[in-house]
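Listed below, chain by chain, are the residues.
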Amino acid sequence: MAAGGWTYAALAQQVEVDPKSVERWVNLGRIPRRATALQAAKALGEDVHALWPALRQARPARAISPELVALYEQRADIPVSTFTELMAQARERIDILVYAAVFLHEAYPRLNELLTERAAEGCTVRIAIGDPDSDTVQARGQEERFGYGIESRCRLALMHYKPLADTPGIEVRTHATTLYNSLYRADDQQLVNAHVWGVNAYAAPVWHLRRHETGGMFDTYADSFDAVWATATPVQEEG
């Protein structure tokens, strides 16, 4: 608004709201209705989601499949709390299949404690991360826009998860498979982060699945996890 010379009153008149509403958007972080937000963004020449990220919502997907809870254009649209709350609700199993996914530990430093707590309550926890020395991880690094950064992220992920390796109920392995999707499963719910060639995982789509009584897509990804797990190498905590 400052760059464009907009006053509260001028923008309010443009989008047909009270000037106090605009003042609340700026000073109190209030979020306007979507239609009003779109008008305001157009007037300011800005992206509406840059102004109000909270308006970025998952697309309802019930009409497509009873398993599909939501679609997200990219993983970055999903609060980390969505991942951790799913895990916190798990009672039987947590499965994580990634190359690195260090964003979880960076945004939620209590992740290891959460997984330990779930394991202590009888939940089986399996974590498969990429082997940084494998040809597949190195090939992925060459394909990504940030070059070889994924190898260092895999090593960092291993540092994060290694302390859990000897925890009863938790097993950590490294895998050398081509990863088509990162999987985050908590009982009968699963977040599937599709991988796109040349694009970092945070910018790739995610679909949230809830297992249907017939299995369907959910079981397809669950079986994929099991197949990778069977090829993976157990990690032992040092010392």
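Residue positions within a chain follow its written sequence, with the count starting from 1. Whole-chain, interface and lining totals are the exception, using all residues; otherwise, since this is a predicted model, local features are given only for residues with pLDDT of at least 70 and side-chain atom pairs are given and counted only at 80 or more. Processing note: side-chain calculations cover all non-hydrogen atoms of the structure and skip hydrogens and water entirely.

Turning our eyes to something else, we now look at the packing of helix 5 (residues 80-89) against helix 7 (residues 111-120). The contact between helix 5 and helix 7 brings their axes to 9 Å, and the two run at 20 degrees. Relative to helix 7, the element helix 5 is oriented roughly parallel. The two elements helix 5 and helix 7 meet at a crossing, and its hand is left-handed. On helix 7, the residues touching Thr84, Met87 and Ala88 of helix 5 are Leu111, Leu114, Leu115 and Arg118. Gly counts as polar in this scheme, as do all residues outside two lists: the nonpolar Ala, Val, Leu, Ile, Met, Phe, Trp, Tyr, Cys and Pro, and the charged Asp, Glu, Lys and Arg. Residue composition of the contact of helix 5 with helix 7, grouped by class: 5 nonpolar, 1 polar and 1 charged. Only the contacting stretch of a helix is used when fitting its axis, a line to C-alpha atoms as for every element, and angles between N-to-C directions run 0 to 180 degrees. In DSSP terms, a helix is any run of H or I states spanning at least four residues, a strand is any run of E spanning at least two, and both are numbered starting from the N terminus. What sets the label is the angle itself: under 35 degrees gives roughly parallel, over 145 gives roughly antiparallel, 65 to 115 gives roughly perpendicular, and the rest give oblique. Here a crossing is taken to be left-handed if its near helix is turned anticlockwise relative to the far helix by less than a right angle, and right-handed if that turn runs clockwise. Only heavy atoms enter the contact rule, under which two residues are in contact if any of them lie within 4.5 Å.

Once that is clear, we can look at helix 5. Listed as buried for helix 5 are Val80, Thr82, Phe83, Thr84, Leu86 and Met87. The inward-facing, buried residues of helix 5 contact strand 3 (93-97), helix 6 (103-107), helix 7, strand 6 (181-186), strand 7 (189-194) and strand 8 (206-210). Exposure categories follow from relative accessible area, calculated using a 1.4 Å probe and restricted to protein chains: below 20% of the type maximum is buried, above 50% is exposed, and the middle band is partly exposed.

Now for the nonpolar core. If you look at the biggest cluster of nonpolar residues, it comprises 54 residues, and the most contacted ones within it are Leu104, Leu115, Ile127, Tyr161 and Tyr184. At 6 residues, helix 10 (residues 216-231) tops the list of elements feeding residues into this core. Ignoring anything within four residues of it in the chain, the contact list for Ile127 reads Ile96, Leu115, Tyr161, Leu164, Ile170, Glu171, Val172, Arg173 and Trp229. Only buried residues count toward a nonpolar core. Its members are Ala, Val, Leu, Ile, Met, Phe, Trp, Tyr and Cys residues joined through side-chain atoms within 4.5 Å. The next biggest cluster of nonpolar side chains, apart from the first, holds 11 residues, and it includes Val22, Ala37, Ala40 and Trp52.

Our next topic: the environment of Lys42. With respect to the helices and strands, Lys42 occurs in helix 3 (residues 34-44). On the accessibility criterion, Lys42 (73% relative accessible area) is exposed. Considering only alpha carbons, one finds Lys42 and Trp6, 36 residues apart in sequence, at a separation of 13 Å.

Before going further, it helps to spend a moment on the pairing of strand 2 (residues 68-72). The side chains of a regular strand alternate between the sheet's two faces. A large share of strand 2 lies buried, amounting to 4 of its 5 residues. Paired strands are those between which DSSP finds at least two bridges. The pairing of strand 2 with strand 8 spans 4 bridges and is antiparallel. Looking at strand 8, one finds that Ala70 is bridged to His208.

Time to look at the confidence of the model for the protein. The score called pLDDT rates the predictor's confidence residue by residue, from a low of 0 to a high of 100. Here the protein averages 88 in pLDDT, while 94% of its residues score no lower than 70. Of all the helices and strands in the protein, strand 1 (residues 59-60) carries the lowest mean pLDDT, 54, while strand 3 carries the highest, 97.

This part takes up the packing of helix 1 (residues 8-15) against helix 2 (residues 19-28). As a packed pair, helix 1 and helix 2 sit with axes 8 Å apart at the nearest point and diverge in direction by 115 degrees. If you check the angle between helix 1 and helix 2, you find them roughly perpendicular. Of the two elements, helix 1 crosses helix 2, and the hand of that crossing is right-handed. From helix 1, Tyr8, Ala9, Leu11, Ala12 and Val15 reach across to helix 2, where they touch Pro19, Val22, Glu23, Trp25, Val26 and Asn27. Its residues assigned to classes, the contact of helix 1 with helix 2 shows 9 nonpolar, 1 polar and 1 charged.

Before going further, it helps to spend a moment on the pattern of salt bridges. We define a salt bridge as a side-chain nitrogen of Lys or Arg found within 4 Å of a carboxyl oxygen belonging to Asp or Glu. By the definition in use, this model includes 8 salt bridges. A salt bridge links Asp95 to Arg93; the nearest nitrogen and oxygen atoms lie 3.9 Å apart. Salt-bridge contacts for Glu171 lead to Arg173; the nearest nitrogen and oxygen are separated by 2.9 Å. A residue is classified by how much of its surface remains accessible, and Arg173, at 15% relative accessible area, is buried. Residues joined in a network through salt bridges with shared partners are Arg93, Asp95, Arg126 and Asp226.

Looking now at the packing of aromatic side chains. Pairing of aromatic rings covers Phe, Tyr and Trp, the last counted by its six-membered ring, and requires centre-to-centre distances within 6.5 Å; plane angles under 30 degrees mean stacked, over 60 mean edge-to-face, and any other angle means tilted. Inspection of the entire model under this criterion finds 5 aromatic pairs. With 5.4 Å between their ring centres and 75 degrees between their planes, Phe83 and Phe103 make a pair best called edge-to-face. A residue pair is termed long-range when its members are at least 10 positions apart, and Phe83 in helix 5 and Phe103 in helix 6 qualify at 20 residues. Look at Phe225 and Trp229: their rings are 5.7 Å apart centre to centre, the planes differ by 20 degrees, and that puts the pair in the stacked class. Placement of both Phe225 and Trp229 in helix 10 is noted, with a separation of 4 residues, approximately one turn of the helix.

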